[in-house]
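Chain and residue survey
This is what each chain is made of:
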Amino acid sequence: MTELNKLTIRETAEGLKDKKFSCQELLNSCLTAIGDKDGDVRAYIYVDEDGAGLSAKMVDDRLADGEELDILAGIPVGIKDIFNTEGVKTTCGSSLLGDFVPPYDATAVKKLRERGMVLVGKTNLDEFACGASTEHSAFGVTRNPYDLERVAGGSSGGSAAALAAGMCTYSLGTDTGGSIRQPASFCGVYGLKPTYGRISRSGVTAMASSWDVVGPFGRCVDDISILLGALAGKDRLDLTTSDKDVPNYQDFLHKNVKGMKIGLPKEYFDDGVDEEVKDKVRASVKKLEKGGAKIVDVTLPSTKYAVAVYYITMPAELSANLERFDGIRYGKKPSEDPEDLVDFYFKARGEGFGDEIKRRIMMGTYVLSAGYYDAYYKKAQKVRTLIIKDFEKVFGKVDVLIAPVSPTPAFKIGELVNDPLKMYMADALTIPANAAGLPSLACPCGFSSTDLPIGLQVIAPQFEEGRCLRVGAFLESVED
Ligand code: GLN
């Protein structure tokens, strides 16, 4: 039998219901994996052994009482340390927030808590979700469980690595420019970036508000669909959430793609992408074709501007959002006595923020400053519209798009961290879906010759997550 900590959500829920194992045994299997491996992997910033133990006991008590439990009750989860968790330390990967204990749960966390989650702990991330490797965390780098010399990806690297290494059954992340899909693809798990506004972000520290989304990591497409159903919906605490109906996502898992039109955007298969990555993605496309889907070559000509648009508008929004971390409203006070209030701010922020955050705050305030606003920020917003229009055009012709998630499999720790421009290019294939607010599901699609996971993404029009799940479920069901 598969180890308890490696089961899917449905298998775990059934095992609990049938009393094959207790919730405490299940939790222990995750804690054992953490004890064995997390000294090296460092997926968690904080493991809440006591809190998780209490939640597990409550679930066992309810089971002993013969209560019929929700599918998510008792399931161990790792949550990116940028979601507020009531009473549980939340650092955002920053030493500035090292001691912060939120007084309330993020809406996504609250929804899971109401369904009986067992919160194992808070997972590592690049500081304030800014990065693609978790190397920008104040709490050390998360290593890839497939190769400890390599990154797990970022910024939700801890969530992806924790799941891949059996330290939880599912996990949560955020995706502003690729931070769910890229680590999912580096660690060989599924990760969904939903439509902008599909899941509430209330209680999740904002990075770039017009780009940020919350989403799940899971071991299979079914798990992703269960989690999306649990998390999606209108929230009066996040006015960007949509009141569109939340469909039953299970309805899309019928494993049939007959008649679907699938677009291959040529810009995502260019010279900058590893041959091996392209080969694996194309092999999956062949399976879809065999299953009766029609494959159509398409073009999204503005793709080449996406990284530039992102690295102008994201820092602009980020620098405004991070204003509140001033050592007074939020964040630690400076260690030395300040001369005056301005010096207080300088010292608190100077000590608290890491280099990458400082770089982005400087870029953001620069592009918003008088005289540069029109040249950079406003222009970038116009180009963002071109990217959106490209997608609108192709979605008139095809139902979904398929593309690689990342141009390469997981890179080595230290390889890109001192070359910000190269690191930024690692997001070239994930950023466009964020620019247009589109859902995109990262699915594992094989391994490189060096045994590293490779991922593809299925991108759909807004609120058509069901199409991503349909294609993902089909690919999952066909043998190699
Ligand atoms: N890697 C991208 C960045 O550095 C995306 C981060 C994210 O999606 N949170 O900004």
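Quick summary incoming for the structure in this document. (Residues numbered from 1 in each chain as written. Predicted model: local features only at pLDDT ≥ 70, side-chain atom pairs only at ≥ 80, totals over all residues. Heavy atoms only, no water.)

1. Focus: the overall build of the chain
Helices and strands together make up the secondary structure of the chain, namely 15 helices and 13 strands. Taking 2.2 N^0.38 as the reference for a compact globule, 480 residues should give roughly 23 Å; the C-alpha atoms of the chain span a radius of gyration of 21 Å, in line with that estimate. Expressed along its principal axes, the backbone C-alpha trace of the chain runs to roughly 65 × 55 × 45 Å. The buried share of the chain, taken over its 480 residues, is 60%. If you sum the accessible surface of the chain, you get close to 19,100 Å²; carbon and sulfur atoms cover 50% of it. Mean positive and mean negative side-chain charge positions of the chain (58 and 69 charges, respectively) differ by 6 Å. (Helix = DSSP H or I, 4+ residues; strand = E, 2+ residues; numbered from the N terminus. Rg over C-alpha atoms; globule rule 2.2 N^0.38 Å. Buried < 20%, exposed > 50% of the residue type's maximum accessible area, 1.4 Å probe, protein only. Areas by Shrake-Rupley, 256 points an atom, 1.4 Å probe, with all protein chains shown as cover. Lys, Arg positive; Asp, Glu negative; His and termini not counted. Charge placed at Lys NZ, Arg CZ, Asp CG, Glu CD.)

2. Some details on the packing of helix α8 (residues 275–290) against helix α15 (residues 465–477)
Packed helices, taken two at a time, are described by the angle their axes make and the gap between the axes. Axis separation between α8 and α15 bottoms out at 10 Å; the angle between their running directions is 95 degrees. Considered as vectors, α8 and α15 are oriented roughly perpendicular to each other. The segment α8 lies against α15, with Ser 284, Lys 287 and Leu 288 engaging Val 471, Phe 474 and Leu 475. For the contact of α8 with α15, the class distribution of residues is 4 nonpolar, 1 polar and 1 charged. (Axes fitted to C-alpha atoms, helices over the stretch in contact; angles between N-to-C directions. Parallel < 35°, antiparallel > 145°, perpendicular 65-115°, else oblique. Contact = heavy atoms within 4.5 Å. Nonpolar A, V, L, I, M, F, W, Y, C, P; charged D, E, K, R; others polar.)

3. So, the sheet that holds strand β6 (residues 170–175)
Reading across from one edge, β1-β3-β2-β6-β8-β7-β12-β13-β11-β9-β10 is the order of the 11 strands in this open sheet, with mixed pairing throughout. Here the strands that pair on one side only, and so sit at the sheet edges, are β1 (44–47) and β10 (294–298). Between one strand and the next, the sheet's axes are offset by a mean angle of 30 degrees, whatever the strand orientation. As paired strands, strand β7 (residues 190–193) and strand β8 (residues 213–218) are joined by 2 bridges and run antiparallel to one another. Residue Gly 191 lies in a different strand from β8, and its bridge partner there is Phe 217. (Pairing = 2+ DSSP bridges.)

4. Looking at unusual backbone geometry
What you tend to see is this: most non-glycine residues have negative phi, and most peptide bonds are trans. Along the chain, Gly 154 connects to Ser 155 via a cis peptide bond; the corresponding omega equals 5 degrees. Its location among the elements puts Ser 155 in the loop between β5 (147–151) and α5 (157–164). Unlike most non-glycine residues, Ala 129 shows phi in positive territory, near 70 degrees. Counting through the fold element by element, Ala 129 comes out in the loop between β3 (118–123) and β4 (143–144). Although it is not a glycine, Lys 255 adopts a positive phi angle of roughly 60 degrees.

5. Re helix α4 (residues 107–114)
Those residues of α4 that fall on the buried side of the exposure criterion are Thr 107, Ala 108, Val 109 and Leu 112. Turning to α4, the residues buried within the fold contact β2 (76–80), β6, β8 and α7 (221–231). In the segment just after α4, Gly 116 is the residue with positive phi, at about 90 degrees.

6. Quick notes on the pairing of β5
Where a strand is regular, its side chains alternate between the two sheet faces. Of the strand pairs in this sheet, β4 and β5 are connected by 2 bridges, and their pairing is antiparallel. Looking at β5, one finds that Arg 143 is bridged to Val 151. Where β4 folds back onto β5 in an antiparallel hairpin, the turn is made up of 2 residues.

7. Overview of the packing of helix α11 (residues 355–368) against helix α12 (residues 373–394)
Between α11 and α12, whose axes approach to 7 Å, the crossing angle comes to 105 degrees. When the interaxial angle is binned, α11 and α12 end up roughly perpendicular. Contact with α11, carried on its side by Tyr 366, Val 367 and Leu 368, involves Tyr 373, Tyr 376 and Tyr 377 of α12 and no other residues of that element. Taken together, the residues of the contact of α11 with α12 break down into 6 nonpolar, no polar and no charged.

8. Points about the site of the ligand
Around the ligand, the surrounding shell holds 15 residues, and the nearest of these are Thr 176, Gly 177, Ser 179, Tyr 310 and Arg 360. The side chain of Tyr 310 places a nitrogen or oxygen atom 2.7 Å from an oxygen atom of the ligand. Protein chains shield 99% of the accessible area of the ligand, which is 290 Å² for the free molecule. Across the shell around the ligand, the residue classes tally to 6 nonpolar, 6 polar and 3 charged. (Near = heavy atom within 4 Å. Polar contact = N/O pair within 3.5 Å; in protein donor to acceptor, adjacent residues only side chain to side chain.)

9. Examining the packing of aromatic side chains
If you walk through the whole model with that rule in mind, you get 16 aromatic pairs. A ring pair is formed by Phe 325 and Tyr 330, whose centres lie 5.8 Å apart and whose planes are at 50 degrees; its orientation type is tilted. Judged by its relative accessible area of 3%, Phe 325 is buried. Ring pairing ties together the aromatic residues Phe 100, Phe 128, Phe 325, Tyr 330 and Phe 353, which thus form one cluster. (Phe/Tyr/Trp six-rings, centres within 6.5 Å; stacked < 30°, edge-to-face > 60°.)

10. Remarks on the nonpolar core
Grouped together as the largest cluster of nonpolar side chains are 102 residues, with contacts concentrated most on Phe 83, Tyr 170, Leu 288, Phe 391, Leu 401, Ile 402 and Val 471. The contact partners of Val 471, leaving out residues within four places of it in the chain, are Val 257, Met 260, Ile 262, Leu 288, Val 400, Ile 402 and Val 458. If you look at the next biggest cluster of nonpolar residues, it comprises 34 residues, including Phe 21, Leu 31, Val 41 and Val 405. (Core = buried A, V, L, I, M, F, W, Y, C linked by side-chain atoms within 4.5 Å.)

All we've got here are geometric facts, nothing functional implied.
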